[in-house]
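Topology and contacts: notes
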Amino acid sequence: MPQFSLQEFSLVYNAFSFTFAAMFAAFIFLVLSRNNIAPQYRNAITMSSLVVAIAAYHYFRIFESWQSAFALNVVDGGAASYIASGAPFNDAYRYIDWLLTVPLLVAELIAVMALAPGKKGGMTFRLALAAVLMIILGYPGEVATDTGTRALWGFISTLPFIYIVYELFVGLGSAVNAETGQAKVLVRNIRLLLLATWGFYPIVYLLPIVFGNTGISPSLIIAVQVGYCIADVAAKAGYGLMIYSIARVKSVQEGYDPAAKLAVASGD
Ligand SMILES: *C/C=C(C)/C=C/C=C(C)/C=C/C1=C(C)CCCC1(C)C
């Protein structure tokens, strides 16, 4: 079982705490800013809010689990450290989190894009299904104790992942080109953000294969946990704010003015 110095333990502890705060703050922002968005794009904001709310809850649980998995060990005359308390560190919360949030992340992107209304439903369904399959098929490999099984399920799970990337960059090509002005730039950038952040997860999955299960050192555990925090904040909160920006730009482009509506409502 790994043993961590005080600084190492605190680094992961603080990363979880930061991630919880970032998800929670993004949730408050998205809920409060909903009225700045034209009604036709509000579903995207609702889904973004759900994603960060679900992630905030799971980070809170992961944070608690990390806290209870290690106990402070003070040795007379030696350096204090954190050793395993006997309670397992449960980061299986992540897979449950992904199962719920990853389909929502693809659905929120489709919801703000210029796709013919008849095509939106089908595209959302195919991408969300692929996202669910990707997570479900990755799980048996995640919990497998031998690297062969891990590699096999990892490979199978990569197929829906490739399908999602293909649809985003090829299948949705004309929908991206149909965007205008700043919305087009933002939609292009959010695809890149998605690719860059999502790419992190299969790389982490590969580490036990690359290093061999016995090569998982405390510093690797720290790198993986802090890395997941960064990827999750970017892929959920950062991504959610970009969805908000796209929805806001398009609302303005389409003539939606929340101030005018407020003035009418208050009789000014
Ligand atoms: C907020 C959480 C996100 C965006 C999680 C994304 C997760 C993935 C893209 C996971 C992909 C995987 C593979 C492509 C193969 C190996 C197994 C997975 C599930 C780690």
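For the structure, check the block above.
Throughout this document, residue positions are counted from 1 along each chain, in the order its sequence is written. Residue-level local features of this predicted model are given only where pLDDT is at least 70; pairs of side-chain atoms are given and counted only at 80 or more, and the full residue set underlies all totals for whole chains, interfaces and linings. No hydrogens and no water enter the side-chain calculation; it runs on all heavy atoms of the structure.

Scanning the protein from terminus to terminus reveals 10 helices and three strands. Starting at the N terminus and ending at the C terminus, the protein contains elements arranged as β-α-α-β-β-α-α-α-α-α-α-α-α. Taken over the C-alpha atoms alone, the protein extends approximately 75 × 45 × 25 Å along its principal axes. Across the 268 residues in the protein, those meeting the buried criterion constitute 44%. Looking at the protein alone, contacts between residues at least 24 apart form 78% of all its contacts between residues at least 6 apart. Comment: elements are numbered from the N terminus, with helices defined as DSSP H or I runs of at least four residues and strands as E runs of at least two. Three labels apply to residues, based on accessible area from a 1.4 Å probe with only protein chains included: buried if under 20% of the type maximum, exposed if over 50%, partly exposed otherwise in between. Here a residue-residue contact requires only that any non-hydrogen atoms of the pair lie within 4.5 Å.

Moving on, we come to helix α1 (residues 6–33). The first and last C-alpha atoms of α1 sit 40 Å apart over 28 residues, in line with the 40 Å expected at 1.5 Å per residue. Along its buried surface, α1 packs onto β1 (4–5), α2 (42–69), β2 (70–73), β3 (81–84), α3 (93–112) and α9 (218–253). To estimate how far a helix should reach, multiply one less than its number of residues by 1.5 Å.

What follows is about the side chain of Ser-48. Secondary-structure assignment places Ser-48 in helix α2. Classification of Ser-48 as buried rests on a relative accessible area of 1%. Of the polar contacts made by the side chain of Ser-48, one reaches the backbone oxygen of Ala-44; its length is 2.9 Å. Apart from residues no more than four positions distant in its own chain, Ser-48 is found in contact with Leu-30, Glu-108, Gly-240 and Ile-243. Under the rule applied, a polar contact is a pair of N or O atoms within 3.5 Å (in protein, one hydrogen donor and one hydrogen acceptor; residues adjacent in sequence only if both atoms are side-chain atoms).

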